[in-house]
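# Structural overview
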Amino acid sequence: MAREPRSGGEGENRGRGRGRDRDNNRGPQAHQDGGDELQDKLVTINRVAKVVKGGRRFSFAALVVVGDQKGRVGWGSGKAREVPEAIRKATERAKKGMIRVPMRESRTLHHDVVGEFGAGKVILRSAPAGTGIIAGGPMRAVFETLGMGDVVAKCTGSTNPHNMVKATFAALTRASSPRAVANRRGKKVADLLGPRKDGAVETVEVTNV
């Protein structure tokens, strides 16, 4: 009696050749984390193969950024046999490593900053209101989930998405606010900024310190 063919390999064959672009257009997803609504974005997904005795085993590696659009952001990577599971792992890791970034007027950086990771190097510059987000794809995902509305970013090193995201986070961790600098130096914020041309002392919003 003839035996029916087994269908155990259909999952791998179905995903073969489509892993990189299948979820690149995946829209932002909202999550609840301790009362804060988190938004995650898929930066990139890559299909990888492991050569074993019986052939090749395919899996997917995902890079995800997560933020509350109020000054907190994180990144994570995950690897699994299926795309949804890889994204879930990356999202969970991103939530565990979130950082808080000080922003001026809740829209841009207080000062220009440079970040490096491996061969990746990025330059982040503060921008006036109405500039928008001028940055490449991986960096744009970080700023959108962070909630930063005006920033100019330039990548001068490796364009690998992982290096770009990690270099961007290295730069954001170096960003500081006038209040943090004043506390570190034992001074007042007005002593650092100095009087303005009209004689009034410039006030700075430091809600996101």
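Summary of the structure given here.

Reading the values: the criteria
- Residues numbered from 1 in each chain as written.
- Predicted model: local features only at pLDDT ≥ 70, side-chain atom pairs only at ≥ 80, totals over all residues.
- Heavy atoms only, no water.
- Axes fitted to C-alpha atoms, helices over the stretch in contact; angles between N-to-C directions.
- Helix = DSSP H or I, 4+ residues; strand = E, 2+ residues; numbered from the N terminus.
- Parallel < 35°, antiparallel > 145°, perpendicular 65-115°, else oblique.
- Left-handed = near helix turned anticlockwise from the far one by under 90°.
- Contact = heavy atoms within 4.5 Å.
- Nonpolar A, V, L, I, M, F, W, Y, C, P; charged D, E, K, R; others polar.
- Pairing = 2+ DSSP bridges.
- Salt bridge = Lys/Arg side-chain N within 4 Å of Asp/Glu carboxyl O.
- Buried < 20%, exposed > 50% of the residue type's maximum accessible area, 1.4 Å probe, protein only.

For the rest of this paragraph, the subject is the packing of helix α3 (residues 137-146) against helix α4 (residues 161-174). Contact pair α3 / α4: the axes reach a minimum separation of 8 Å and the direction vectors enclose 45°. Comparing their axes, α4 and α3 come out oblique. Helix-helix and strand crossings are classified by hand; for α3 and α4 the assignment is right-handed. Facing α3, whose interface residues are P138, M139, V142, F143 and L146, α4 presents P161, M164, V165, T168, F169 and L172. Of the residues contributing to the contact of α3 with α4, the split by class is 10 nonpolar, 1 polar and no charged.

Attention now goes to the sheet that holds strand β6 (residues 113-117). Pairing between sheet strands relies on hydrogen bonds along the backbone, with the strands arranged either parallel or antiparallel. Ordered in space as β6-β7-β9-β8, the 4 strands form an open sheet in which the pairing is mixed. Since the sheet does not close on itself, it has two edges, and those belong to β6 and β8 (133-134), each with one partner. Packing against the sheet, α3 makes contact with β7 (120-126), β8 and β9 (151-155), and its axis sits at approximately 150° to β9. Relative to β6, α4 is tilted by about 135°, and along the sheet it contacts β6, β7 and β9.

Right, let's get into the pattern of salt bridges. Oppositely charged side chains are able to pair whenever their charged atoms sit close together. Under the criterion given, the structure shown has 7 salt bridges. Residue E144 is joined to K41 by a salt bridge in which the shortest nitrogen-to-oxygen separation is 1.9 Å. A residue pair is termed long-range when its members are at least 10 positions apart, and E144 in helix α3 and K41 in strand β2 (residues 36-52) qualify at 103 residues. Note that E85 is salt-bridged to R88, the shortest N-O span being 2.6 Å. Here E85 and its partner R88 are both found in helix α2 (residues 83-96), 3 residues apart, which amounts to about one turn of the helix. On the accessibility criterion, R88 (42% relative accessible area) is partly exposed. Each of the salt bridges in this network shares a partner with another, and the network as a whole consists of K41, R140 and E144.

Another aspect to go through is the pairing of β6. Sheet topology places β6 next to β7; 5 bridges connect them, and they run antiparallel. Bridge assignment links G115 to a residue of β7, and that residue is V122. Counting the residues between successive antiparallel strands, the hairpin from β6 to β7 contains 2 residues, one of them, G118, with a positive phi of roughly 60°.

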